[in-house]
Amino acid sequence: MSKEITIIENQDWFKALIEDCKALLVEGISNYRLTLIRVYHLLGRRILEENDNFKREKIYGKRICNTVAQSLGKSERTIYLAIQFAETFPDLEKWIDTTKEQKNL
């Protein structure tokens, strides 16, 4: 590392810059994760809304996941987990409120 860089790194303004950037990254990543959580919850809920239609067509359980996954270009596991997530936590916002402080959604 060059001497100029070492000098800059030791200055208070640079340390403050780095701390601010780290905080921005943590907040941005947290918001990104929260958005993904909401999207997958909505995905699971939407699929569950059509549950009766799947039953009518005698497509249920694993075949629902497989059929939807193929049509969306997603993995069967992703679809299965989205459905399970929506079933397990029907009130997503309440769940988010109880876990949001952790910043590790």
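Located above this text is the structure these notes cover.
Presented here is a report on the structure given in the accompanying data block. (Residues numbered from 1 in each chain as written. Predicted model: local features only at pLDDT ≥ 70, side-chain atom pairs only at ≥ 80, totals over all residues. Heavy atoms only, no water.)

### Topic: the overall build of the protein chain
Right, so step 1: From N to C terminus, the protein chain includes six helices and zero strands.
Right, so step 2: Counting only residues that meet the buried cut, the protein chain has 20% of its 105 residues in that class.
Right, so step 3: Taking contacts inside the protein chain between residues at least 6 apart in sequence as the whole, the part at least 24 apart equals 56%. (Helix = DSSP H or I, 4+ residues; strand = E, 2+ residues; numbered from the N terminus. Buried < 20%, exposed > 50% of the residue type's maximum accessible area, 1.4 Å probe, protein only. Contact = heavy atoms within 4.5 Å.)

### So, the nonpolar core
Right, so step 1: Formed by I47, I64, C65, V68, A69, I79 and I83, the largest nonpolar core amounts to seven residues.
Right, so step 2: Among the elements of the structure, α4 (62–72) and α5 (76–88) are those that each provide at least two residues to this core.
Right, so step 3: Among the elements that make up this core, the one with the highest residue count is α4 (four residues).
Right, so step 4: Sequence-distant contacts of C65, that is, excluding residues within four places in its chain, are made with E76, I79, Y80 and I83.
Right, so step 5: L34, F85, L92 and I96 belong to the second largest nonpolar core, which has six residues in total. (Core = buried A, V, L, I, M, F, W, Y, C linked by side-chain atoms within 4.5 Å.)

### Brief notes about the packing of helix α2 (residues 12–49) against α5
Right, so step 1: Here α2 crosses α5 at 85°, and the two axes come no closer than 7 Å. When the axis of α2 is compared with that of α5, the two are roughly perpendicular. Within the contact between the two elements, α2 uses I37, Y40, H41, L43, G44, R45, I47 and L48 and α5 uses T78, I79, A82, I83, F85, A86 and E87.
Right, so step 2: Split by residue class, the contact of α2 with α5 holds 10 nonpolar, three polar and two charged. (Axes fitted to C-alpha atoms, helices over the stretch in contact; angles between N-to-C directions. Parallel < 35°, antiparallel > 145°, perpendicular 65-115°, else oblique. Nonpolar A, V, L, I, M, F, W, Y, C, P; charged D, E, K, R; others polar.)

### Some words on the packing of α2 against helix α6 (residues 92–99)
Right, so step 1: Closest axis-to-axis distance for the α2/α6 pair is 11 Å, and the angle between their directions is 155°. As summarised for this structure, α2 and α6 are arranged roughly antiparallel, according to the angle between their axes. For the element pair α2 and α6, the recorded crossing hand is right-handed. Each of L34, I37, R38 and H41 in α2 lies in contact with α6, whose residues at this interface are L92, E93, W95 and I96.
Right, so step 2: In the contact of α2 with α6, the residues fall into five nonpolar, one polar and two charged. (Left-handed = near helix turned anticlockwise from the far one by under 90°.)

### Focus: the packing of aromatic side chains
Right, so step 1: All chains considered together, the criterion is met by four aromatic pairs.
Right, so step 2: Taken together, a centroid distance of 5.5 Å and an interplanar angle of 85° make the contact between F85 and W95 edge-to-face. Placement of the pair is F85 in helix α5 and W95 in helix α6, with a sequence separation of 10 residues.
Right, so step 3: Of the aromatic side chains, those joined through ring pairs into one cluster are F85, F89 and W95. (Phe/Tyr/Trp six-rings, centres within 6.5 Å; stacked < 30°, edge-to-face > 60°.)

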